[in-house]
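Architecture at a glance
Single-letter residue listing:
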Amino acid sequence: MEEGKVYSPDGVFAHLAMLEAQAHEAAVKQEEKEQQEEKLARLKARVQELRAQRDELRAKVDLQQKGQLGKEGVVSDPAQPSARAVVEWNIKRIKAMLQVFYLTGISGKLTKRGVCFCISTAYEGTYLDSYHLDLLTKPEEVQIHRHSIPIFIPLEQIATKYLQTDIRRFLAVLSDHLNAYVGRRYQADQLQEHFSNQIEGTLQRNSLCNLLVFNYNVSKKSQTFPFNARLLYGDLCCSLPTEVIVSCTPDAPASLAARAAAHSDAFRRVALHKAFRSFGSAAESVDGAP
Amino acid sequence: MDNGIFQVYEDEIQSLEEEVKLLTEKYEDSQQESTFFSDEEILMSIKSFQREFQGESKGHESPSDLKAQLESLEKDLSFLMKFTGIQFTSHSKKTVEKTRDRTVGKHRLSGHCYSVSFQLEFQLLEMQNKENVSAVITDLSIIMESGEDSDVSKFVSSTEERGNLLTFFRSLSSYAEWYEHRRFTFLHFK
């Protein structure tokens, strides 16, 4: 009976269609397989190419290191360098020199209509934000075209006083403000980052970072924050506070309250995070005493 | 064929490409830092450069582009030196460590601000994190001409201790101007 079905017209067509579908599927699979093999071959070749490049470079760098081991002085390229190489060397040298200017605090670039200055800031050895000031020096008076100075820095005041008469002085005063602001902010950030378990919640500060208020303790194990500090930085060009008030909660032990004056003194003289470090070691030495 | 094997090769390709990039930078840094050309050599090269490469276009910048770039950089540098009063007479840099996100360079710098000369050595650590590059100065050593002055030597040692390179330069500027002013005043009275 089934044989009869296969040999009927419908059965034959169905069978042919099935064979066709099978062949098609096989062709597709074959093509896929070939594509994957091709891709694999390409990847393998690329790996070989890169490995060879890498090995060549390693050998070159090794040779350089060996060549420099015995000599401290400068060495000229033994093969006669092309004029292009000399020019490119000089370009790199000058670029490096311009980067050094960045480290001095005032750098910049000449523009068609004036100069674009870059004021860099740092706290001790760590360089922090840099700010740009695009000045137009033509036709007559100096104008600030664009800048990235934060709005709470008194730029207009400083400009009114110095910009037209002494640009150097203008930049120096602006740099003082910016460096002091960034220094205050850095100290607050360091305190928050390294002593977060000794501070209740987060440090309260304004955008200019010249008013800080926080509750703290000196022991890392204590759960309460008996001290309250209020630091006011009256001099905007200074990163140490001009006014410090440290108070202690009324229910704190007398020994703790006595330290408030010492803390206040420390905050006035030393950077915020460094003062905290000194409290920590003082507290430990007291705790360790018999 | 499973995709796992493709991933293995692709990962290796990426890591090799990074390594090649880093080694290339190391090689070029080292070439740059150990080479020195005198002013005459530089001038001669600039002159012959345009003749040599007339019409060449290898995908490199054209001679006139390079020359324009050089002139623009020289103008910027000379402006900064005149404006700030800080003249660098020599600068040498040696890359002592270079990885994908960390570069340490040893710098030697000498120069003068008006009539006050200085010599500096420091290490600059540059680290690449997610958003930006951070720069930190360590091992700062300063030699100043007017080092006998006790105020100056106190300033120099506290600056060295804290790695305060920026403060050094800003204070140098105002000190040098004051010193210059004082010098002229004394000369006037001689």
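Residues numbered from 1 in each chain as written. Chains lettered and ligands numbered in written order. Predicted model: local features only at pLDDT ≥ 70, side-chain atom pairs only at ≥ 80, totals over all residues. Heavy atoms only, no water.

By the naming in an unreviewed UniProt entry, chain B goes by CENPP protein and is assigned to Nyctibius grandis.

Helices and strands together make up the secondary structure of chain A, namely 8 helices and 8 strands. Rg of the C-alpha trace for chain A: 36 Å, well past the compact-globule value of 19 Å for 290 residues, more than 25% over. Taken along its principal axes, the extent of the C-alpha atoms in chain A is 110 × 70 × 55 Å. Taking all 290 residues of chain A together, the buried fraction comes to 38%. Expressed as a percentage of contacts within chain A between residues at least 6 apart in sequence, the contacts between residues at least 24 apart total 40%. Accessible area of chain A: about 17,300 Å², with a carbon and sulfur share of 55%. A distance of 9 Å separates the average location of the 36 positive side-chain charges in chain A from that of its 34 negative side-chain charges. (Helix = DSSP H or I, 4+ residues; strand = E, 2+ residues; numbered from the N terminus. Rg over C-alpha atoms; globule rule 2.2 N^0.38 Å. Buried < 20%, exposed > 50% of the residue type's maximum accessible area, 1.4 Å probe, protein only. Contact = heavy atoms within 4.5 Å. Areas by Shrake-Rupley, 256 points an atom, 1.4 Å probe, with all protein chains shown as cover. Lys, Arg positive; Asp, Glu negative; His and termini not counted. Charge placed at Lys NZ, Arg CZ, Asp CG, Glu CD.)

Once that is clear, we can look at the interface of chain B and chain A. Taken together, the contact pairs 69 residues of chain B with 65 residues of chain A. Between chain B and chain A, the buried area comes to about 6,600 Å², and carbon and sulfur atoms account for 67% of it. Taken as a group, Phe37, Phe83 and Leu166 of chain B account for 10% of the area that chain B buries against chain A, more than any other trio of residues on that side. In this assembly, chain B and chain A are joined by 9 salt bridges. Across the pair arginine 54 of chain A and glutamate 19 of chain B runs a salt bridge whose closest N-O atoms are separated by 3.2 Å. On inspection of chain B and its partner chain A, the count reaches 19 residue pairs in polar contact (both at pLDDT 80 or more). The set of elements that each furnish at least two residues to the side of chain B that touches chain A consists of helix H1 (3-33), helix H2 (39-52), helix H3 (63-84), strand S1 (86-99), strand S2 (102-113), strand S3 (116-128), strand S4 (133-144) and helix H5 (165-189) of chain B. Where strand S3 (residues 126-136) of chain A and S4 of chain B come together, 2 bridges link them in antiparallel fashion. Bridging across to S4 of chain B, threonine 126 of chain A finds its partner in valine 136 of chain B. (Buried area = accessible area lost by both parts, 1.4 Å probe. Salt bridge = Lys/Arg side-chain N within 4 Å of Asp/Glu carboxyl O. Polar contact = N/O pair within 3.5 Å; in protein donor to acceptor, adjacent residues only side chain to side chain. Pairing = 2+ DSSP bridges.)

Take the pattern of salt bridges next. Scanning the entire structure with this criterion turns up 25 salt bridges over all chains. The closest approach of N and O atoms between arginine 46 of chain A and glutamate 17 of chain B, which form a salt bridge, is 2.8 Å. One end of the pair, arginine 46 of chain A, is in helix H2 (residues 9-69); the other, glutamate 17 of chain B, is in helix H1, on a second chain. Exposure remark for arginine 46 of chain A: the relative accessible area of 28% places this residue in the partly exposed category. Taking relative accessible area as the criterion, glutamate 17 of chain B reaches 37% and is therefore assigned partly exposed.

Right, let's talk about the UniProt feature "coiled-coil region" (unreviewed entry) in chain B for a bit. Cross-referencing UniProt, the feature "coiled-coil region" (unreviewed entry) maps to residues 6-33 of chain B in the present numbering. What you have in residues 6-33 of chain B is 100% helix and 0% strand, and the ends, taken at the C-alpha atoms, are 41 Å apart. (UniProt positions renumbered as here; feature names shortened; annotations may be inferred.)

We now examine the domain arrangement of chain B. All names here are of chain B. Partitioning chain B into structural domains gives domain 1 (1-54) and domain 2 (85-189). Using C-alpha coordinates to define each centre, domain 1 is positioned 31 Å away from domain 2. In this assembly, 6 residues from domain 1 lie in contact with 6 residues from domain 2. For the pair domain 1 and domain 2, the summed buried surface comes to about 560 Å²; carbon and sulfur atoms form 46% of the total. (Domains from an automatic or database assignment.)

To continue, consider the nonpolar core. Counting 72 residues, the largest nonpolar core has Phe170 and Leu174 of chain A together with Phe88, Met144 and Phe169 of chain B as the members making the most contacts within it. Of all the elements, helix H3 (residues 83-104) of chain A adds the most residues to this core, at 11 residues. Looking at which domains feed residues into this core, each of domain 1 (1-54) and domain 2 (85-189) of chain B gives three or more. Apart from the residues within four sequence positions on either side, phenylalanine 169 of chain B is in contact with Leu103 and Thr104 of chain A together with Ile86, Phe88, Leu109, Phe118 and Leu120 of chain B. Leu212, Leu231, Ala275 and Phe276 of chain A belong to the second-largest nonpolar core, a separate cluster that totals 23 residues. (Core = buried A, V, L, I, M, F, W, Y, C linked by side-chain atoms within 4.5 Å.)

Time to look at the packing of aromatic side chains. Scanning the model with the defined rule gives 28 aromatic pairs over all chains in all. Between phenylalanine 117 of chain A and phenylalanine 79 of chain B the ring centres are 6.1 Å apart and the planes differ by 45°, which places this aromatic pair in the tilted class. Here phenylalanine 79 of chain B lies in helix H3 and phenylalanine 117 of chain A lies in strand S2 (residues 114-123), a pairing that spans two chains. Phenylalanine 117 of chain A gets classed as buried once you look at its relative accessible area, which sits at 1%. With a centroid separation of 6.1 Å and 90° between ring planes, the pair formed by phenylalanine 88 of chain B and phenylalanine 169 of chain B is classed as edge-to-face. Remark: phenylalanine 169 of chain B occurs in helix H5 and phenylalanine 88 of chain B occurs in strand S1; sequence separation between them is 81 residues. Every member of this aromatic cluster is reached through a ring pair, and the members are Phe195, Phe214, Tyr216, Phe227, Phe267, Phe276 and Phe279 of chain A. The ring of phenylalanine 6 of chain B carries lysine 39 of chain A above its face, with NZ or CZ at 4.6 Å from the centroid. The ring of tyrosine 27 of chain B has lysine 60 of chain A sitting right over it, with the charged end atom 4.8 Å from the ring centre. (Phe/Tyr/Trp six-rings, centres within 6.5 Å; stacked < 30°, edge-to-face > 60°. Lys NZ or Arg CZ within 6 Å of the ring centre and 35° of its normal.)

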